[in-house]
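# Chain and residue survey
One-letter residues, chain by chain:
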Amino acid sequence: MAQKAKAKKTRKTKSGKISPNQKRHQISDSSDEEEIPMLIPIEGTAVPKKGINSKDETSLDVTKKSVLSCNGKSSKKPTEKNKTLKKSSKKPELLDHGYSTVFNPVTQGLAIFKWLIDPILPKKFFDKYWEKDVLHIERENRRYFKDIFSTEELDIILREYPLFFTRNIDVVEYKNGKKELVEEEGRAAPVKVWDFYSSGCSVRVLNPHTYSQNVHSVISSLQEYFGTMVGTNVYLTPPESQGFAPHFDDIEAFIVQLEGSKYWKLYKPKGSDVLARDSSKNFSAEELDDPFMEVKLNAGDLLYFPRGTIHEGHTKEQHSLHITISVYQHTAYADLLEHALPAALKKAASENLEFRKGLPLNYLKHVGVVNQSDDSDKRKSIIDKVKSLVGALVDYIDVDSAADNLGRKFMHDAMPPLYSGDEAQHSCLYDGDVMKNGKVFHRVEITPEIEIRLLRYYALRVVKDSTTTSKLYFCTHNDKVYHGEEEQWLEISNSLLPAIEVLQKSYPNFVVADSLPIEDETAKLSLVFSLWEHGLLVTNQPLPGLSEDDETSSTDSDPSTSE
């Protein structure tokens with residue numbers, strides 16, 4: 001059942017403040033001419049207490065260095081020579097970031113994307129390649145993507161977490177022109193998985209971000225950059241093998257080669273398959289033309305191709321481990337119109353008499369499949385009238401409402417955001433009430449002068465429910481398994497919407513809570529509390545403690561300061 005969490009009752013302090021209860025384009029690198037943006041851990045990001053070996057996914061430790069971040073700037077621009085861009089692939093460095101580091105989620109997403117496609121700049125990528133053409137980036141540095149994921153990490157995950165066949169892992173093999181899915185059930189124990197792998201089967205991990213903090217970090221950042229759901233699958237293929245038949249997908253695909261190598265064949269899409277809205281069946285060799293591109297991906301390389309591009313990959317002398325980062329599934333104008341047109345028709349029928357007038361008598365004798373060859377005046381008049389009404393429908397289209405409903409779907413699809421170290425300390429995750437030995441410590445209060453901002457711009461979406469209320473859908477409580485939880489939402493009064501607008505338009509900057517355009521002080525701070533306790537807001541500094549809690553903690557040590 002969907003969560004309906006209205007703003008909770010709050011308790012007032014003595015001061016009256018509120019407190020919470022297609023062509024081939026190959027890029028190669030061969031020199032050390034530039035310093036690229038670096039992939040680094042953020043100190044203080046919430047990660048499993050024992051890293052990947054943790055058996056308690058809810059136990060968090062903000063002192064670990066584990067989550068990926070980008071930093072640094074190019075000192076020189078790549079030069080173009082004979083259609084080849086030269087760049088270095090220097091080893092990512094570990095930089096020590098303390099809690100004083102200012103984390104900007106907007107620049108973080110951009111930096112991660114720039115690092116993926118370096119030396120191509122984002123503007124050039126979107127102008128020349130996005131939804132248009134294939135891009136192959138070749139690197140000499142085989143360890144360029146080593147921090148994202150590895151076979152060693154997969155082995156640990158299989159031992160430490162309960163992954164199940166078909167739900168989390170597929171074992172497949174492509175032989176004699178047919179893809180065969182191994183029908184195995186139960187837990188994917190490493191002994192079983194590696195036995196299948198040793199016999200020539202490929203392994204697909206369907207939700208690696210659930211178990212790998214680094215993968216989650218990458219897609220969380222890219223999700224904020226693209227403004228749509230970002231997904232991942234990991235593919236492990238043994239030498240001299242192929243796991244999948246030729247097919248196309250309904251996503252923009254970034255193939256990131258992590259280990260070994262894989263040989264790819266790409267085939268041009270036809271007709272409506274260009275920018276396909278749905279994935280295809282498996283194709284046989286007889287159904288395909290010659291590939292327009294054949295390329296070998298080595299570790300450190302990247303291959304991008306638009307949705308609808310038919311592809312297949314196989315290994316030769318080496319194993320292959322790659323991760324596919326997928327974006328823009330069902331994010332086309334057609335998807336927006338699927339929300340806009342039914343609502344527009346409903347509104348037009350309500351407001352325009354022409355839409356409510358009856359069809360002509362005996363209309364079924366003039367339209368329909370068996371009447372397509374009919375050239376009667378009555379048939380022509382019906383068709384002309386329908387076209388006229390469709391034209392009039394334009395005046396009733398509410399693009400904003402349709403976008404909000406598409407955004408609502410995004411909130412349900414999205415991965416939950418990750419916190420930086422400062423964000424974790426200044427959020428409901430680590431700030432606020434703490435329990436130890438049956439006593440509650442560190443009770444805090446929301447004050448008018450506190451500085452706040454949204455955790456992420458794409459952590460929430462407002463959908464108007466009626467003339468008096470709206471639903472605020474959010475993804476901070478989403479499961480790391482796709483649709484592992486029902487939709488999460490808060491119901492708020494429309495009188496509070498100007499405050500949400502200020503928070504979104506000021507993002508990622510902080511604003512003073514008291515500056516939110518709500519006249520009622522209690523309603524204003526109650527909204528701030530409700531957003532804060534649902535993980536949607538972070539503060540610029542830790543929240544102030546209540547005076548009565550300070551007296552309590554004077555005799556009992558605060559557990560947040562103990563080891």
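We now turn to the structure provided with this report.

Conventions and cut-offs
- Residues numbered from 1 in each chain as written.
- Predicted model: local features only at pLDDT ≥ 70, side-chain atom pairs only at ≥ 80, totals over all residues.
- Heavy atoms only, no water.
- Helix = DSSP H or I, 4+ residues; strand = E, 2+ residues; numbered from the N terminus.
- Contact = heavy atoms within 4.5 Å.
- Axes fitted to C-alpha atoms, helices over the stretch in contact; angles between N-to-C directions.
- Parallel < 35°, antiparallel > 145°, perpendicular 65-115°, else oblique.
- Nonpolar A, V, L, I, M, F, W, Y, C, P; charged D, E, K, R; others polar.
- Polar contact = N/O pair within 3.5 Å; in protein donor to acceptor, adjacent residues only side chain to side chain.
- Core = buried A, V, L, I, M, F, W, Y, C linked by side-chain atoms within 4.5 Å.
- Buried < 20%, exposed > 50% of the residue type's maximum accessible area, 1.4 Å probe, protein only.
- Left-handed = near helix turned anticlockwise from the far one by under 90°.
- Patch = residues over 30% accessible without salt bridge, like charges linked within 9 Å, V, L, I, M, F, W, Y side chains within 5 Å.
- Areas by Shrake-Rupley, 256 points an atom, 1.4 Å probe, with all protein chains shown as cover.
- Salt bridge = Lys/Arg side-chain N within 4 Å of Asp/Glu carboxyl O.
- Expected span 1.5 Å × (residues − 1).

### Some words on the environment of Val256
Here Val256 lies in strand β16 (residues 252-267). Sequence-distant contacts of Val256, defined by excluding residues within four places in its chain, comprise Leu116, Phe145, Ile148, Asp301, Leu302, Leu321, His322, Ile323 and Ile325.

### Here we look at the packing of helix α1 (residues 105-117) against helix α5 (residues 213-226)
Interaxial distance between α1 and α5 falls to 8 Å at its minimum, and their mutual angle equals 105°. Viewed along their axes, α1 and α5 adopt a mutual orientation that is roughly perpendicular. Facing Pro105, Gln108, Gly109, Leu110, Ile112, Phe113 and Leu116 of α1, the residues of α5 in contact are Val218, Ser221, Leu222, Glu224, Tyr225 and Phe226. Across the contact of α1 with α5, the residue classes break down as 9 nonpolar, 3 polar and 1 charged.

### Observations concerning the side chain of Asn371
Inspection of the secondary structure assignment puts Asn371 in the loop between α7 (353-356) and α8 (377-393). A polar side-chain atom of Asn371 sits 3.0 Å from the main-chain carbonyl oxygen of Val367. For Asn371, the residues in contact, after removing those within four places along its chain, are Leu364, Lys365, His366 and Arg379.

### Considering the nonpolar core
In terms of nonpolar packing, the biggest core is built from 50 residues, with Phe125, Ile169 and Phe254 touching the most fellow members. Not counting the four nearest positions on each side in its chain, Phe254 is found in contact with Phe113, Ile117, Phe125, Trp130, Phe226, Leu302, Leu303, Tyr304, Ile323, Thr324, Ile325 and Val327. Residues Leu454, Ala459, Ile492 and Leu543 belong to the second largest nonpolar core, which totals 39 residues.

### Structural notes on the packing of helix α6 (residues 333-351) against helix α9 (residues 399-413)
At a minimum axis distance of 8 Å, the contact between α6 and α9 shows a crossing angle of 115°. In terms of crossing hand, the pair formed by α6 and α9 is right-handed. Taken together, the residues of α9 that come into contact with α6 (itself represented by Asp335, Leu336, His339 and Ala340) are Val399, Ala402, Ala403, Asn405 and Leu406. Grouping the constituent residues of the contact of α6 with α9 by class yields 6 nonpolar, 2 polar and 1 charged.

### Observations concerning a nonpolar patch on the surface
On the surface, a nonpolar cluster with roughly 310 Å² of combined accessible area is contributed by Leu359, Tyr363 and Leu364. Within the fold, Tyr363 resides in the loop between α7 and α8. With a relative accessible area of 31%, Tyr363 lands in the partly exposed category.

### Focus: α1
The terminal C-alpha atoms of α1 lie 19 Å apart, and with 13 residues this matches the ideal 18 Å at 1.5 Å per residue to within 8%. Every buried residue of α1 is accounted for by Pro105, Gln108, Gly109, Ala111, Ile112, Phe113, Trp115, Leu116 and Ile117. Where α1 starts, the residue carrying a side-chain oxygen 2.9 Å from the main-chain nitrogen of Val106 turns out to be Asn104.

### Side note on the environment of Glu354
Along the chain, Glu354 turns up in helix α7. For Glu354, a relative accessible area of 28% puts it in the partly exposed group. Separated by 38 residues in the primary sequence, Glu354 and Ala392 place their C-alpha atoms 9.8 Å from one another.

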